[in-house]
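Structural overview for review
One letter stands for each residue in the lines below.
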Amino acid sequence: MPEVGNSTSYRCGYAAIIGRPNVGKSTLLNHILGMKLSITSRKPQTTRHQILGVKTGKNVQTIYVDTPGMHQRRGSAINKYMNRAATSVLNDVDVLLFVVQAGAWTDEDDAVLLRLENVSAPVILVVNKIDMLNNKQELLPFITQLSSKFKFEEIIPVAAVKGENINQVETAVAKLLPEGAAFFPEDQVTDRSMRFLAAEIIREKLVRELGQELPYTSTVHIDKYDEDGKLVRIHATIFVESKGQKAIIIGSKGSRLKSLGTKARKDIETMLDNKVYLNLWVKVREGWSNDERALRGLGYGDE
Ligand SMILES: Nc1nc2c(ncn2[C@@H]2O[C@H](COP(=O)(O)OP(=O)(O)OP(=O)(O)O)[C@@H](O)[C@H]2O)c(=O)[nH]1
Ligand SMILES: [Mg+2]
């Protein structure tokens, strides 16, 4: 085992990945880690919880914190929970990675920027999705404009989905971390349990396969998770808010639920490197997403 944390020049600290929904925060984390830890989708508000991703190198351990996109959708308790999970890290980390989309600055980005005004940690601006720019000439003026908005430590254009310039992000973060021993053992990648990650994978399939509104009103609860060496048996319930939503998820003769389940099972098998039996139920719990107590019972406790 390489020496982790004994050398005086070792660095270790926390870097939060923040920004509005859908800019590619979780994709960035997954590429840095070289594995799929945090779920991603084309729909905004995919990530709902803080998720730690630990990257251990020879001279540095960076503990990344993926966060839900900060958003302006007001009202329901789950939206408040997500915004809390996103903003509560701001004063608890050593570095902030503020992710934005190249050429697509919005009011929600301005709202994030406003939150950074009273934060003492250095902020690196990550300009993501540069591959999507029709005209590469647009990048420089975009960056110049943003650099006048805030005193960013660095501005790094990347394409997270292709892993382009990701090393630069890691190096910039490492330089800003305090000296100190590693907090996590070198083989630990996250603080989250396999049970939690399995629920997330199931939720990813829901978000990816269902209509625009449904993902916001569904959540996944793992009822049973048993491991007997050769097989991991998982019983999970998908909670929705109405009978109509339940019917949509189940699909004709159960076809959609079956295909969701198969996709989720395969991903969970890859994650666990084990055979998995997955049993999915769909239940209606009216108003769960706006009920603080129901939310806590479904894993949305204070972070
Ligand atoms: N073209 C392109 N697409 C990207 C890039 N990075 C991420 N995406 C896509 O953008 C979408 C959103 O990515 P996510 O990583 O889920 O975004 P997020 O910021 O974590 O979103 P929330 O969790 O909802 O806040 C997905 O469809 C990604 O595949 C990129 O560099 N280029
Ligand atoms: Mg995300």
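A short tour of the structure in this document, coming up.

Rules used throughout
- Residues numbered from 1 in each chain as written.
- Chains lettered and ligands numbered in written order.
- Predicted model: local features only at pLDDT ≥ 70, side-chain atom pairs only at ≥ 80, totals over all residues.
- Heavy atoms only, no water.
- Near = heavy atom within 4 Å.
- Polar contact = N/O pair within 3.5 Å; in protein donor to acceptor, adjacent residues only side chain to side chain.
- Areas by Shrake-Rupley, 256 points an atom, 1.4 Å probe, with all protein chains shown as cover.
- Nonpolar A, V, L, I, M, F, W, Y, C, P; charged D, E, K, R; others polar.
- Core = buried A, V, L, I, M, F, W, Y, C linked by side-chain atoms within 4.5 Å.
- Buried < 20%, exposed > 50% of the residue type's maximum accessible area, 1.4 Å probe, protein only.
- Helix = DSSP H or I, 4+ residues; strand = E, 2+ residues; numbered from the N terminus.
- Contact = heavy atoms within 4.5 Å.
- Donors = N, O, S within 2.8 Å, 3.2 Å for Na, K, Ca; no water.
- Pairing = 2+ DSSP bridges.
- Axes fitted to C-alpha atoms, helices over the stretch in contact; angles between N-to-C directions.

Neighbouring ligand 1 are 23 residues, the closest being K25, T27, Q45, T46 and D131. Between ligand 1 and the protein, one listed contact pairs an oxygen atom with a backbone N or O atom of V23 at 3.2 Å. Between ligand 1 and Q45, the relevant distance is 2.7 Å, taken from an oxygen atom to a main-chain nitrogen or oxygen of the residue. In isolation ligand 1 exposes 660 Å². Once the protein is present, 89% of that is buried. Considering only residue class, the shell around ligand 1 consists of 7 nonpolar, 11 polar and 5 charged.

Turning to the nonpolar core, a few remarks are in order. Within the largest apolar cluster, 34 residues are counted, with the highest numbers of intra-cluster contacts made by I18, L96, F98, L116 and V127. Elements represented by at least two residues in this core include exactly β1 (11-18), β2 (51-56), β3 (60-66), β4 (95-101), α3 (107-116), β5 (123-128) and α4 (139-147). Residue contributions to this core peak at 4 residues, all from α4. When near neighbours in sequence (up to four residues on either side) are disregarded, V127 contacts V100, A102, L139, F142, I143, I155, I156, P157 and V158.

Turning to the side chain of N30, a few remarks are in order. As for its placement among the helices and strands, N30 is situated in helix α1 (residues 25-33). Owing to a relative accessible area of 10%, N30 belongs among the buried residues under this scheme. Discounting chain neighbours no more than four positions away, the residues touching N30 are M35, K36, L37, S38 and T40.

The subject of this paragraph is the coordination of the magnesium ion (ligand 2). Four donors placed tetrahedrally about a metal ideally form angles of 109.5 degrees, and six donors placed octahedrally ideally form angles of 90 or 180 degrees. Coordination sphere of the magnesium ion (ligand 2), protein contribution only: S26 (OG) and T47 (OG1), at 2.0 to 2.1 Å. Of this pair, S26 sits in helix α1 while T47 sits in the loop between α1 and β2; the two residues are 21 residues apart in sequence, bridging distant segments of the chain. The exposure class of S26 is buried, given its relative accessible area of 7%.

Turning to the sheet that holds β1, a few remarks are in order. Taken in spatial order, the 6 strands of this open sheet run β2-β3-β1-β4-β5-β6, and their pairing is mixed. Two strands bound the open sheet, and with one partner strand each, they are β2 and β6 (154-157). Shown here is a sheet whose adjacent strand axes are inclined to one another by a mean of 25°, direction ignored. Relative to β3, β1 runs parallel, the two sharing 7 bridges. Looking at β3, one finds that R11 is bridged to V60. Across the sheet, α3 lies against β1, β4 and β5, angled at about 165° from β4, the strand it touches most.

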